[in-house]
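# Structure at a glance
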Amino acid sequence: MEPTASAAPATKEINNIETISITDNRTGKQYEIPIDNGTIKALDLRQIKVNSDDFGMMTYDPAFMNTASCKSRITFIDGDKGILRYRGHSIDDLAERCTYLEVAYLLLHGELPNKAQLEEWTNNITTHTFVHENIKKFMDGFHYDANPMGMLVSTLAALSTFYPSAKHINDPKERQLTIYRLIGKVPTLAAFAYRHSIGMPYVHPDNELSYAENFLSMMFKVAEPKYKPNPILAKALDVLFILHADHEQNCSANAMRGVGSSHVDPYSASAAAAAALYGPLHGGANAEVLYMLDLIGTKDKIPEFIRDVKDGKGKLMGFGHRIYKNYDPRAKIIKRLADQVFEVTGRNPKLDIALELERIALEDDYFIKRKLYPNVDFYSGLIYQAMKFPVDMFPVLFAIGRMSGWLAQWQEMLLDQEQKIARPRQVYLGHDQREVVSLSKRS
Ligand code: CMC
């Protein structure tokens with residue numbers, strides 16, 4: 001698009017395309033930039049130059065606060081209204097009426113499976129739950145108290161060496177096989193990591209059990225010939241996997257897409273995504289909620305704790321969200337789920353403190369003004385703890401559910417003609433060229 005030097009009034013539409021007019025006050029030139037889906041292309045700004053030597057205008061957006069890095073048809077979030085949908089289906093509907101494997105199919109294929117498709121999908125994932133015996137030896141090499149999330153990250157990456165043909169990412173059959181393997185094997189790796197950390201023998205997958213039941217069996221089976229998971233706990237875990245399955249362009253999905261854009265195999269890309277999830281700002285907040293509830297100790301200490309938060313002495317963990325400025329819809333479902341789980345496990349004594357904390361916070365001006373509501377992590381840790389998962393396993397549980405979302409985001413990126421290797425620009429503020437001073441003369 002050629003820049004126009006006139007000071008003509010802003011043109012709103014050219015050939016039915018909405019545009020935005022930008023006047024460069026350095027040169028007086030005016031530019032018409034097309035608007036597509038409420039966005040302008042950053043590359044369209046490159047034409048804005050002071051002179052022909054000028055590189056052209058870029059946008060500066062650390063942390064991608066206002067930059068769409070892709071077009072996606074997977075997950076929709078309206079943070080102001082508290083809406084989360086996968087492929088158009090509300091998270092409440094999916095949690096109520098579907099299993100995790102149906103939801104994983106939905107994320108990857110765009111539609112819910114019919115009966116035959118679900119059978120085939122379930123069968124393919126179930127038959128890929130076993131891992132190579134050498135993976136066990138690899139696991140054994142970790143220190144006895146190794147963090148299970150660190151073990152998961154490493155073993156996901158190691159899988160690429162067991163399945164080298166996964167690097168043929170342009171072959172749809174290879175991609176499909178890797179998707180079965182990753183969704184099938186991530187619970188096995190996760191459970192093996194846990195068993196290693198407590199010095200218990202690994203439990204092989206039981207292919208007669210459902211996805212969540214099998215995971216519980218690999219985690220908690222002791223000497224019984226067949227592990228019989230509690231159906232309410234298995235259902236609760238399945239719902240938690242659904243709630244964590246995708247959340248559009250979050251830090252780990254962005255890592256999956258960014259690393260995957262180099263066309264590395266998806267095992268390596270999902271190890272990168274899991275590494276992103278390992279960070280306390282992403283997958284670790286529910287553990288922080290438990291530490292906070294322990295710190296508060298009793299209900300009568302809550303007002304003092306809230307005062308401290310308002311004085312900037314800490315945060316109310318499990319509250320607030322970059323996108324949700326309303327009740328996180330996942331938190332509502334988890335709160336209901338907690339009641340069902342506690343009927344089986346007994347009430348987590350921290351629940352009373354959490355409920356009172358929520359009540360007080362939601363009536364307090366500080367939280368109301370800043371639109372701070374409970375997020376997904378406020379109650380999930382309480383459920384995991386009641387189900388006997390150790391705190392170190394919380395991000396690992398998150399990773400199991402999120403694997404289908406990572407793979408859906410990865411495949412969408414690969415098939416998107418507009419995508420290329422992810423390579424941001426920078427604003428260079430360092431030195432101009434200068435000469436090396438010989439070592440003896442450096443101060
Ligand atoms: N407790 C007290 N004050 C808070 C909290 C909180 N949990 N969260 C935000 N604020 C305040 C913050 O201090 C700021 O106040 P002011 O305007 O006076 O400076 C205002 O609210 C806006 O906060 P922000 O830090 O600009 O918001 P953000 O979008 O950058 O941060 C967040 C979002 C989730 C990092 C933050 O709310 C937080 O740290 N919450 C606690 C940790 C947590 O629960 N994280 C889990 C997020 S959900 C996981 C997922 O979806 O993956």
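Figured I'd write up the structure that's included with this text. (Residues numbered from 1 in each chain as written. Predicted model: local features only at pLDDT ≥ 70, side-chain atom pairs only at ≥ 80, totals over all residues. Heavy atoms only, no water.)

## Some thoughts on the layout of surface pockets
Test applied: A pocket here means an open set of points on a 1 Å grid, computed over the protein atoms alone, that has protein on both sides within 12 Å along at least five of seven lines. A cavity is instead a set of points where a 1.4 Å probe fits but cannot get out; residues with an atom within 4 Å of a point line either one. Grid points are joined across faces, edges and corners, and a volume is the space filled by probe spheres set on the points. A run of DSSP states H or I qualifies as a helix once it reaches four residues; a run of E qualifies as a strand once it reaches two. Both are numbered from the N-terminal end. As a working rule, the residues Ala, Val, Leu, Ile, Met, Phe, Trp, Tyr, Cys and Pro are called nonpolar, Asp, Glu, Lys and Arg charged, and the rest polar, with Gly in that last group.
Roughly 210 Å³ of internal volume is contained in the second largest pocket. Lining the second largest pocket are Lys-71, Ser-72, Arg-73, Arg-87, Leu-108, Ala-408, Gln-411, Glu-412, Leu-415 and Asp-416. Per element, the largest residue contribution to the lining of the second largest pocket is 4 residues, and it comes from helix α17 (residues 394-415). Its residues assigned to classes, the lining of the second largest pocket comprises 3 nonpolar, 2 polar and 5 charged.

## Regarding the site of the ligand
The line we're drawing: Here a residue is near a molecule or strand as soon as one of its heavy atoms is found within 4 Å of it. Two N or O atoms count as a polar contact when they lie within 3.5 Å, although within protein this holds only if one can serve as hydrogen donor and the other as acceptor, and sequence-adjacent residues are included solely when both atoms are side-chain atoms. In short, Shrake-Rupley with a 1.4 Å probe defines the accessible areas, and a residue's cover is counted only from the protein chains shown.
Inspection of the region around the ligand gives 18 residues, with Lys-315, Leu-316, Gly-318, Phe-319 and Asn-375 positioned closest. Taking Gly-318, its main chain carries an N or O atom lying 2.8 Å from an oxygen atom of the ligand. A distance of 3.0 Å separates a nitrogen atom of the ligand from a polar atom in the side chain of Tyr-366. Coverage of the ligand by the protein chains reaches 67% of its 940 Å² of free accessible surface.

## Considerations on empty space enclosed by the protein
The probe, sized like a water molecule, is rolled over the atoms to show the empty space still left. Taken as a whole and judged by the stated rule, the model has 1 cavity of 30 Å³ or more. Within this model, the largest cavity holds a volume of roughly 30 Å³. Considered class by class, the residues forming the lining of the largest cavity number 3 nonpolar, 4 polar and 2 charged.

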